[in-house]
Number of protein chains: 2
Amino acid sequence: MTKVGILGATGAVGRQMLECLGEQGIETEEIRLLASARSVGKEIPFKDGVLRVQEAKEDSFDGLDYVLGAVSNALSQKFRPAIEKSGAVYIDNSSAFRLEEGVPLVVPEINGEDALHHHGLIANPNCSTIITYMALAPIYHLSRITAINASTYQAVSGAGMGGIEELSEQVEAIRTGKEVQVKHFPAQIAYNCIAEIGSYTDNGYTTEEMKMLNEGRKIMHDPDLKVTCTCVRVPVFRSHSISVTCVTEKKLDLDEVKRAIDAFDGDVLMDQKVPTPLMTSNQDKVYVGRIRRDLVNENGITLWCCGDQIRKGAAANAVEILKYLEDHK
Amino acid sequence: MTKVGILGATGAVGRQMLECLGEQGIETEEIRLLASARSVGKEIPFKDGVLRVQEAKEDSFDGLDYVLGAVSNALSQKFRPAIEKSGAVYIDNSSAFRLEEGVPLVVPEINGEDALHHHGLIANPNCSTIITYMALAPIYHLSRITAINASTYQAVSGAGMGGIEELSEQVEAIRTGKEVQVKHFPAQIAYNCIAEIGSYTDNGYTTEEMKMLNEGRKIMHDPDLKVTCTCVRVPVFRSHSISVTCVTEKKLDLDEVKRAIDAFDGDVLMDQKVPTPLMTSNQDKVYVGRIRRDLVNENGITLWCCGDQIRKGAAANAVEILKYLEDHK
């Protein structure tokens, strides 16, 4: 029986964390929902009852075994010392500490063991990164992957509740002939694609795109892995899709690749149908399809994968880390 | 003064061809709109008046200088002999003859001269192919491109009027809680992405994806060009976008690449803003942005381009071919 806090419990990821806690069969003695002052008293349904949101303060974490974090980098940085002091293990979905030395960056099916070597803080990787490497890990286990080229098709809910509302509102504005309001995204997202997620880094790639490289290297324990990524927002509510080509050291047989993906915990091989974001919404599996030989490099494999980025790309992965720690106590 | 027929005048591309004929300042003595029997008598506005649709029959092409084709492969094959017999030059947007020897496959800004060596039939390339190579041609002119990796974000209007209606109807069905009807696409396209355009070929790529390779080789006169492509339908009404990485023989300077794209007729360099499909809708230019060094191959360049696939990807390109022939008479 554990005591779990959710920091940022009213956001899209925080709410999903609560749902995943229930589903994963983690026996909890207490679930403490923490959020900003304006959400205090909000009731959130859980199992047969409701849980009431409390204000997140410095002393909110006392007595907890785990804190699941679903807040901004700034808030995660602010609360880290207090969580550390409380003795709870902090499983953080923000990107603030992902690349910090000594902080495991974990996808349980890929590098779950890393979680066991934590010093109080474990980071949850970026959503597109989790989904892409869930598809690539079984290939990597057959032969080291040296290079990845990825183009993403990212759902609006990756930007939280505000992203979902913005797409809905814009579609409605267009239908009724009203002016389209742009708030969260750099341009209208309804019936549009925006190849700009995150802010720009010096090399012209965005912070979101560089996560696929930097976080991928850490998860795969491979500092030499080369990755080029283009991140694109599309007018989809839920589930990210990624078009990926990877190059392996050895030339792999396509059937061997398919069998490896099929056998990999957390992946669903789609050999006859093409995975779509709709197909993968509201579940924890990553669907992998369109597996074929790259036509540029004979050691290359090209594929298409989809996964629910609020679940496997964020909340479910964080809860799976918690479960991994519990199971290996 | 020329006499121009449009075969398939009532479809999305056919209507756009008529509009482009007016815009491109081509002096026409006659424009003959040809379509199936059920469209006969339909009036289509043109300049200050209207044009009336006639039934396309074997003898419909007599006296014409050019026929612009915007029909299916089967219909294009059916009418080819009649058009040939009439003596008109057939500029065909179908994919039926694109790879046939002796049939030029032309993007006027790239290989306009090829059009001059026709034998009565000139093919208009695939929409995504045109837009991608419009972005890549100026790079290719600096140094031969050896390999391309492309992922497309294709608008529903690429599937014609029916595709546009299907997205609209599905969005409306979802809003009103009705059942979503799937007709033209392999799955629901509203709020979804479908990585399946065209039919499958033996190597697991779709016919649409193989066009990027086979048509690209013909347009660039480079039978050794290597191309891997993933074609994806997205819930956008108009304009295709493509995420592309290309590898050149020589390592190019990024500023040199940007200057070349900026100087290339038909391209718009977007250095400060990111091109979107909405931004490029209803115009003939291809917008190229996000130009940066590939992080896998030091001779690689990664970019994002958008273009209106009904215009530059189809109708405008066909009319530009006609104009090129007229200008070089």
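For the structure, check the block above.
Predicted, not measured: the structure shown is a model, and the values here were computed from it. (Residues numbered from 1 in each chain as written. Chains lettered and ligands numbered in written order. Predicted model: local features only at pLDDT ≥ 70, side-chain atom pairs only at ≥ 80, totals over all residues. Heavy atoms only, no water.)

So, about the relation of the copies chain B and chain A. Rotating chain B by 180° and translating it 0.0 Å along the rotation axis places it on chain A, where the RMSD comes to 0.0 Å. Classification of the inter-copy transformation places it as that of a two-fold axis. A share of 100% of the interface residues of chain B reappears at the interface of chain A, consistent with the copies meeting face to face through the same patch. (Least-squares fit on C-alpha atoms with pLDDT ≥ 70 in both. Contact = heavy atoms within 4.5 Å.)

The next thing to look at is helix H4 (residues 127-142) of chain B. Residue and element names in this part refer to chain B. Relative to the 22 Å expected for 16 residues at 1.5 Å per residue, H4 spans 24 Å between its end C-alpha atoms, a close match to the ideal helical length. Of all the bends in H4, the greatest, near 40°, is centred on Leu136, and the proline Pro138 appears no more than four residues after it. Here H4 lies mainly inside the structure; 14 of its 16 residues are buried. With a side-chain oxygen positioned 3.1 Å from the backbone nitrogen of Ser128, the residue opening H4 is Asn126. (Helix = DSSP H or I, 4+ residues; strand = E, 2+ residues; numbered from the N terminus. Expected span 1.5 Å × (residues − 1). Bend = angle between axes of the 7 residues up to and from the residue. Buried < 20%, exposed > 50% of the residue type's maximum accessible area, 1.4 Å probe, protein only. Polar contact = N/O pair within 3.5 Å; in protein donor to acceptor, adjacent residues only side chain to side chain.)

Residues and elements named next belong to chain A. A sheet is described by the order of its strands in space; here six strands give the open sequence E10-E9-E11-E14-E13-E12, paired in mixed fashion. Both outer strands of the open sheet, strand E10 (226-230) and strand E12 (267-270), are each paired with one neighbouring strand and no more. Sheet twist, expressed as the mean angle between neighbouring strand axes with direction ignored, is 25°. Against the sheet, helix H6 (residues 207-220) contacts strand E9 (145-153) and E10, and its axis sits at roughly 155° relative to E10. Running at roughly 175° to strand E13 (residues 286-293), helix H7 (residues 254-263) makes contact with E12, E13 and strand E14 (300-307) of the sheet. (Pairing = 2+ DSSP bridges. Axes fitted to C-alpha atoms, helices over the stretch in contact; angles between N-to-C directions.)

Now for the interface of chain B and chain A. Taken together, the 49 residues of chain B in the interface contact 49 residues of chain A. Across the interface of chain B and chain A, roughly 4100 Å² is buried in total on both sides, 58% from carbon and sulfur atoms. Between chain B and chain A we count four salt bridges in total. Here Glu209 of chain B and Arg292 of chain A are joined by a salt bridge, their closest N and O atoms 3.6 Å apart. Linking chain B to chain A there are 26 residue pairs in polar contact (both at pLDDT 80 or more). At the level of secondary structure, the elements contributing two or more residues to the side of chain B that touches chain A comprise strand E9 (145-153), helix H5 (161-175), helix H6 (207-220), strand E10 (226-230), strand E11 (240-248), helix H8 (277-280), strand E13 (286-293) and strand E14 (300-307) of chain B. Residue composition of the side of chain B that touches chain A, by class: 26 nonpolar, 14 polar and nine charged. (Buried area = accessible area lost by both parts, 1.4 Å probe. Salt bridge = Lys/Arg side-chain N within 4 Å of Asp/Glu carboxyl O. Nonpolar A, V, L, I, M, F, W, Y, C, P; charged D, E, K, R; others polar.)

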